[in-house]
Structure formats: structure tokens, C-alpha cells
There are 2 protein chains.
Amino acid sequence: MKKLVNDPATVVADALRGVAAAHPELRVDHGNRIVYRGDAPVAGKVGLVSGGGSGHEPLHAGFVGPGMLDAACAGEVFTSPVPDQIVAATTAVDGGAGVLHIVKNYTGDVLNFEMAAEIAAAETGVQVAAVVTDDDVAVQDSLYTAGRRGVGVTVLLEKIAGAAAEQGRGLDEVAEVARRVNGNGRSMGLALTSCTVPAAGRPTFQLADDEIEVGIGIHGEPGRHRRPMAPARELAAQLVEPVLADLDFTGGDGVICFLNGMGGTPLIELYLMFAEVRALLDAAGVRVARSLVGPYITSLEMAGCSLTLLRADDELIRLWDAPVRTPALRWGV
Amino acid sequence: MKKLVNDPATVVADALRGVAAAHPELRVDHGNRIVYRGDAPVAGKVGLVSGGGSGHEPLHAGFVGPGMLDAACAGEVFTSPVPDQIVAATTAVDGGAGVLHIVKNYTGDVLNFEMAAEIAAAETGVQVAAVVTDDDVAVQDSLYTAGRRGVGVTVLLEKIAGAAAEQGRGLDEVAEVARRVNGNGRSMGLALTSCTVPAAGRPTFQLADDEIEVGIGIHGEPGRHRRPMAPARELAAQLVEPVLADLDFTGGDGVICFLNGMGGTPLIELYLMFAEVRALLDAAGVRVARSLVGPYITSLEMAGCSLTLLRADDELIRLWDAPVRTPALRWGV
């Protein structure tokens, strides 16, 4: 294992020191491993809390700031944050309008966020709603998941729900927007290589030199099948077809098309794949209204990519376009 | 070689189709492989043209847009663009105030930009000035370079000179700001792995499992030495010390501190390295005024990072902070 780390046991704490140093507009609670927007709690605004295992950066800490998350709880690499962290974040960002938990559908995350919501409500009376993302069409049930896994739609949801909260909408309405995003989003990924969890010290799985895994999970969970490496346009079809087969993306509304890098794949390859994806969507009569290309929900240094499509009506597009100021997504301010 | 490509011979053209599809606010000349800001030429504004070998994305096409470059010329992977491309870009972005060429110091790039400047001036009378970046303190002369190599400072320079041009300053003044950035910037990088040029199909060089190369070039050119892998804080010192030894960064002015990822290193490691770099700079009495962490001048999927420090007075900081709207750097708009 060759990684820029000091000690596998301190990776998350050490990286959070870097986040704090690079982003003075954020506030980092190093003891609890929580990244806050600097002005949290914002009075009268619904607070948005997300979090999950580390190793998916910039998700979630890179999405903290005005127009997106109020707090992100960092677990150990590929490990859920604990309830105490989530309780601390929830009570800290409550500006009197309640708090929305945004949770990727992994068993540990779901349980710990549920437990934290109960504790926070009991201890401080804060109103908590939750949305669980489960957009990965690859497989039903998985190593750490009952049902579908939550992946790329989480990024789009955090942006869009964040904009709704910033507008001053109430908790029920922000939660409804968030659920609408999850319900209208689908994803599918593929891996060219494994990644190595620092504490494990060796690759999570093995792929042959000419082999890829289609439907990979963001922790290296098995996908649908392994197949020989192929040209990008064939691989693009392996992402586009299952997504389109699962939900109708044609028709009046456009889509937000998000081609995500898994961490180790360079941008030139992501743009190349995006061209192939767009050609397939054009041929299928899917209108792309907005595009996002880059590594936003990663799996350490895994090589590969994932596609997320979100059927987005005018309201969701307006919320997507609204100003945002975070380390990883920023526009309008 | 396992890469998301169709054919090694068409990588650059295929990726530019993706850039065009993802960024409708830009204009792509596919024949000449030039990416333009959509409203070029901007009347009365100095035009900024850069370019170089592909494989360093987002540099340079990802920095095209208001507040930064007017055009980027894409060469083949790790190969200079040809004079015809640069002539086309130069004449297309001339809004009557002249054009600044921003050139990284590699022999092919320097020659081809010089030739293009002469042709453009002779054919259309456009006034061209040029700035050559040579900020890499690792080595004097290299595989493709006489003198020092141009690396990370190019990113900061394109942003700062772009802001100066956007303010309506004249060609001489924009060129002077650009040279001031280069003169006050220094960089040093290290690699944990090689990268593979698609057309070559095999890694450019070999490193043992426990070995890194300190002072690596962005095309895999040899650095200062190879050494055993070590904890991040030791490696941070290998970047900080040679940079501080080359130029005094203490004193009244602050620095812009840019920790760059080489392409294959995940963000969690970059933030971890940034924390170590910041601790060393604090100890050395260097005041960090602004920070940038992420993969902005990459070497395909190479794992590793580089540090760039820029001694920045108030004017350079104001130009850095000015609005910018490009695929890879965006704020204020």
C-alpha cells in the first residue's frame, strides 16, 4: 500500500485538519469529526445533516456551505459515523426549523442516523426528518445494504434540498423535495480497479488486467457481472441501458446528467465517457438539461465511473441552478 | 493498459466532444482542437491563449471562461499543440487589444507558441506577448526542457492574469502581472506511481512498491531522487523545504498555497498532505492567505502531488479573488 498518509489509524482525523486549514469559511469539530458551515446554526432555516464513511471525498464534507449542507459527519473509512456524532451535528445546526438527515442506504448508516434522530428529538426536542437515498440500479440487497444502495443521486439531492432549505422552506417541504429527487434519480457504476482501505492495507478485491466489474458498489461491493475490458462506447452502454430500463427518462422534463469519477480515473477519461453517454442519451430521446462531470462521490483511488440521471422538472432545475458555496460545488457566489 | 477510451489514437478528439457536451457555455473547434469561451472575441479585452499537451486536465480547457482563458489549444497527450492551432486561437480571440500567450516551459511548447506568434502577427497584425512559466525547483534542464519546467504556477497565473485582462488592462500590463506571478511562484512535486500514455500502452517509468520519486515532472520526467515511501509528514517536508530554500516566502506578503493532485491520488490524501504542508509553513513563518487543494494540473492517472507557493501582494490576492467562471474554477458568478 502506497498512500499519502501518516498512520492508517489517523487518516480521517489528519484529513480533517487539512479541510480546516484549507477552508477557513467552515468550522471543524475535530473531537466529533463534524464539518460545519461557519455560520451554523442559521436561524429559521431547516438544517441539513449528512455523513457516512470517509473515503468518498468530496462527499460529504466538500458539500458543506451555504446552499447545501449545514454539517457533515465523517465516519472511519467506509464505516458509518456513530450516533453521538450525528446527535451533536443535529442539535448544533438546528435553527428552530428542524433538521433533515440525508442518509445513503447502507445498514449501518440507516441505523445510526435513526438512533441519532430519536436521541436528538428526546434530548432537545429538535424535529428531525430523514431521506434515504437508494438510486443504484445495479443490485437489490448487497454486502452492507438491504434494498438498493445510495450513490450518485446523493450529491444532486444535497444540492437541491440545500437550495430549498436556503429559500426558507419548511422541514416537510424540504423533505418532500429531497424524496422527489431520490425517486426520480437512478445510477449505475463500473470499476476498472479496486481500492485499498488504509486500515486493511491491501486491495478490497481483485480484477484481472483485462477485466472490469459492472454495477460496482462504492465500497467495492460486488456488481452485476465481470466482463472483459472494452472500448468506452461499449462501457457507456453498460451504464446507460440499465438506468434507462429502470425509469423512463424521456418526455417533457429534461435530466440532470452526472458522470462521476470513482477517484483514480483522470478527467480526460471522464469527459471521453461523458461524450459516449451523451450520444446514447440523444439516441434514446433523453434531453440533457444540466451536466456534471467529475469525481464527486469517490471510492478512494478506485478507477472507474458511475452515471446518475435525475428526471428534473423546472423547479428542480431552478434549485440546482441556485447559488451554492462549498469546497466542491460553487457557483453564483 | 485499462483506460476508459475508444482508441488510443482518438483520445483527445473524443474527450473534446465530452467537453463540448458538458459545457454549452464554451465553444469547441473540433477540427483545430481549440476550446473557446462562448463569447470570444471580447471587444477591447486582451485575449488569453494557453495550451499544451493533453493529459493534464483540467489544465488548460477547464480554465476557459470569463475571468480566465479565452482559448485553450489541446495537443496530443503530453505533446505540444502545433503552430496552426495556436495561430487560429490567437486570431480568433483578438478583440483588438492584443493576445497574451501563456506557455509552460517545454521546448516544443515554447517553439510552437513563438512560431505561432510570428505567423499571427505577420498575417493579421495582432499584437502578441508571451509569458513562459518555469516554476519547478526540482531540476535545471530536463527531458523536454531547457531551464526549469513550468508546472503548478501556470494554474494560478491563468487565473490572476485572466482577472487582470477582465478588468480591461492593456497587453503590457497583463503581461507584467503574469510575469510577476511566475517570478514569485515556486513548485515541487512527487510521484507514487507512473502514468500510462494511451498511445504507448505501458507505464512511462517504474517505481518499486515501496519507492517514490521526488521532484517528478508532469510527464514523468526524472526528479531529484528516488527514496523509500515514508509517512505524509516526511514527504510534505520533501516538498516544502526545496520550495522555501529557493525563494523567501516569509515577510509581509502572504502566499497562495496550492496543493495539487497528480490525477490518481484521492482527495482524502490531498487534504491530509495539505495539513502537513500547512504545519510546516506555519513553523517556517509563512503566512497562507489563500488555499487551493485538488487535481488541477495532472499527469493522467499518476498518483502523487505537488506543492506550489505564490508570494502574493494585495493586488495579486484581489485578482485571485475576482469572479471566475470556468469548468474547473468558479466563484463570484
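Before reading on, note that the structure itself is shown above.
Residues numbered from 1 in each chain as written. Chains lettered and ligands numbered in written order. Predicted model: local features only at pLDDT ≥ 70, side-chain atom pairs only at ≥ 80, totals over all residues. Heavy atoms only, no water.

**Student:** Even after reading the chapter, I still don't get the overall build of chain A, so can you show me in this structure?
**Tutor:** Counting its secondary structure elements, chain A contains eight helices and 14 strands. What you see for chain A is a C-alpha radius of gyration of 19 Å, in line with the 20 Å of a compact globule of 333 residues. In terms of overall dimensions, chain A has a C-alpha envelope of 55 × 50 × 35 Å along the principal axes. Scored against the burial criterion, the 333 residues of chain A give a buried share of 63%. Carbon and sulfur atoms make up 50% of the accessible area of chain A, which totals about 10,800 Å². Of the side chains in chain A, 27 bear a positive and 41 a negative charge, and the two mean positions are spaced by 4 Å. (Helix = DSSP H or I, 4+ residues; strand = E, 2+ residues; numbered from the N terminus. Rg over C-alpha atoms; globule rule 2.2 N^0.38 Å. Buried < 20%, exposed > 50% of the residue type's maximum accessible area, 1.4 Å probe, protein only. Areas by Shrake-Rupley, 256 points an atom, 1.4 Å probe, with all protein chains shown as cover. Lys, Arg positive; Asp, Glu negative; His and termini not counted. Charge placed at Lys NZ, Arg CZ, Asp CG, Glu CD.)

**Student:** Would you mind going over the interface of chain B and chain A with me for this structure?
**Tutor:** Interface size is commonly expressed as the accessible surface area that is lost when the partners come together. The partner chain A presents 57 residues to the 57 residues of chain B that form the contact. For chain B, the biggest contributors to the area lost against chain A are K2(B), L4(B) and I268(B); these three give 21% of the whole. Across the contact surface, chain B and chain A share four salt bridges. Residue E269(B) is joined to K3(A) by a salt bridge in which the shortest nitrogen-to-oxygen separation is 3.7 Å. Seen at the junction of chain B and chain A, the total is 24 residue pairs in polar contact (both at pLDDT 80 or more). Residue assignment for the side of chain B that touches chain A shows that the elements contributing at least two residues are α1 (11-22), β8 (211-214), α6 (232-246), α7 (267-283), β11 (288-294) and β14 (330-331) of chain B. Looking at which element gives the most residues to the side of chain B that touches chain A, the answer is α7(B), with 10 residues. Class assignment for the residues of the side of chain B that touches chain A results in 33 nonpolar, 10 polar and 14 charged. (Contact = heavy atoms within 4.5 Å. Buried area = accessible area lost by both parts, 1.4 Å probe. Salt bridge = Lys/Arg side-chain N within 4 Å of Asp/Glu carboxyl O. Polar contact = N/O pair within 3.5 Å; in protein donor to acceptor, adjacent residues only side chain to side chain. Nonpolar A, V, L, I, M, F, W, Y, C, P; charged D, E, K, R; others polar.)

**Student:** Hey, could you run me through the relation of the copies chain B and chain A in this one?
**Tutor:** Relating one copy of the chain to the other takes a rotation about an axis and a shift parallel to that axis. Once chain B is rotated about the relating axis by 180° and shifted along it by 0.0 Å, it coincides with chain A to within an RMSD of 0.0 Å. Taken together, these values place the two copies in the relation of a two-fold axis. Within chain B, G264(B) has its C-alpha nearest the rotation axis, a separation of 2.1 Å. When the interface residues of chain B are mapped onto chain A, 100% of them are again interface residues, pointing to one common binding face. (Least-squares fit on C-alpha atoms with pLDDT ≥ 70 in both.)

**Student:** What is the right way to read the environment of N182(B) from this model?
**Tutor:** Residue and element names in this part refer to chain B. Counting through the fold element by element, N182 comes out in helix α5 (residues 171-183). For N182, a relative accessible area of 10% gives the class buried. Between the C-alpha atoms of N182 and L280, which are 98 residues apart in sequence, the distance is 23 Å. Contacts of N182, omitting those with residues within four sequence positions, involve V132, T133, D134, D135, V153 and L157. Looking at N182, its side chain comes within polar contact range of the main-chain oxygen of V132, at 3.4 Å.

**Student:** How should I be thinking about the packing of helix α2 (residues 83-93) of chain A against helix α3 (residues 107-124) of chain A in this particular structure?
**Tutor:** Helix packing geometry: the angle between the two helix axes and the distance between the axes. All names here are of chain A. Where α2 contacts α3, the axes come no closer than 8 Å and their chain directions differ by 50°. Our classification of the angle between α2 and α3 gives oblique. In this structure, the crossing between α2 and α3 has a hand that is right-handed. In this structure, α2 contributes P83, I86, V87, T90 and T91 to the contact, and α3 contributes N112, F113, M115, A116, I119, A120, E123 and T124. Classifying every residue of the contact of α2 with α3 by side-chain character gives eight nonpolar, four polar and one charged. (Axes fitted to C-alpha atoms, helices over the stretch in contact; angles between N-to-C directions. Parallel < 35°, antiparallel > 145°, perpendicular 65-115°, else oblique. Left-handed = near helix turned anticlockwise from the far one by under 90°.)

**Student:** What exactly am I supposed to notice about the sheet that holds β11(B) here?
**Tutor:** All names here are of chain B. Read from one edge to the other, the open sheet built from six strands follows the order β9-β8-β7-β12-β10-β11, with strand pairing classed as mixed. At either end of the open sheet lies a strand with only one pairing partner, and these are β9 (225-228) and β11. The mean angle between the axes of side-by-side strands here comes to 15°, regardless of whether they run parallel or antiparallel. Pairing between strand β7 (residues 185-191) and β8: two bridges, direction antiparallel. For A191, the partnering residue across the bridge sits in β8 and is E213. Packing of helix α8 (residues 314-321) onto the sheet brings it into contact with β10 (254-261), β11 and β12 (304-312), and relative to β11 it is tilted by some 40°. (Pairing = 2+ DSSP bridges.)

**Student:** Help me understand helix α6 (residues 232-246) of chain A, please; the structure alone is not making it clear to me.
**Tutor:** Owing to its 3.6 residues per turn, the α-helix aligns residues three or four sequence positions apart on the same side. All names here are of chain A. Helix length check: α6, at 15 residues, gives a terminal C-alpha distance of 22 Å against a target of 21 Å (1.5 Å per residue), a fit within 8%. Every buried residue of α6 is accounted for by A232, L235, A236, A237, L239, V240, P242 and V243. Along its buried surface, α6 packs onto β7 (185-191), β8 (211-214), β9 (225-228), α7 (267-283) and β12 (304-312). (Expected span 1.5 Å × (residues − 1).)

**Student:** Quick question: what am I supposed to make of α7(A) here?
**Tutor:** In this model α7(A) runs 24 Å from its N-terminal to its C-terminal C-alpha over 17 residues, within 8% of the 24 Å that 1.5 Å per residue would give. Positive phi appears at G285(A), one or two residues downstream of α7(A), with a value of about 80°.

**Student:** When you look at the side chain of H60(B) in this model, what are you seeing that I'm missing?
**Tutor:** Residue and element names in this part refer to chain B. Here H60 is to be found in the loop between β3 (47-54) and β4 (71-77). A residue is classified by how much of its surface remains accessible, and H60, at 5% relative accessible area, is buried. Polar side-chain contacts of H60 include one of 3.1 Å to the side chain of S50. A distance of 3.1 Å separates a polar atom in the side chain of H60 from the backbone oxygen of G51.

**Student:** Honestly, the sheet that holds β7(A) in this entry has me stumped. Any pointers?
**Tutor:** The strands making up a sheet associate through hydrogen bonds between their backbones, and the pairing can be parallel or antiparallel. All names here are of chain A. Strands sit in the order β9-β8-β7-β12-β10-β11 across an open sheet of six strands; the sheet is mixed. Lying at the two open borders of the sheet, with one neighbouring strand each, are β9 and β11 (288-294). Here the average twist between neighbouring strands, direction ignored, is 15°. Note that strand β10 (residues 254-261) and β11 share six bridges and pair parallel. Pairing of V255 across the sheet is with V288, part of β11.

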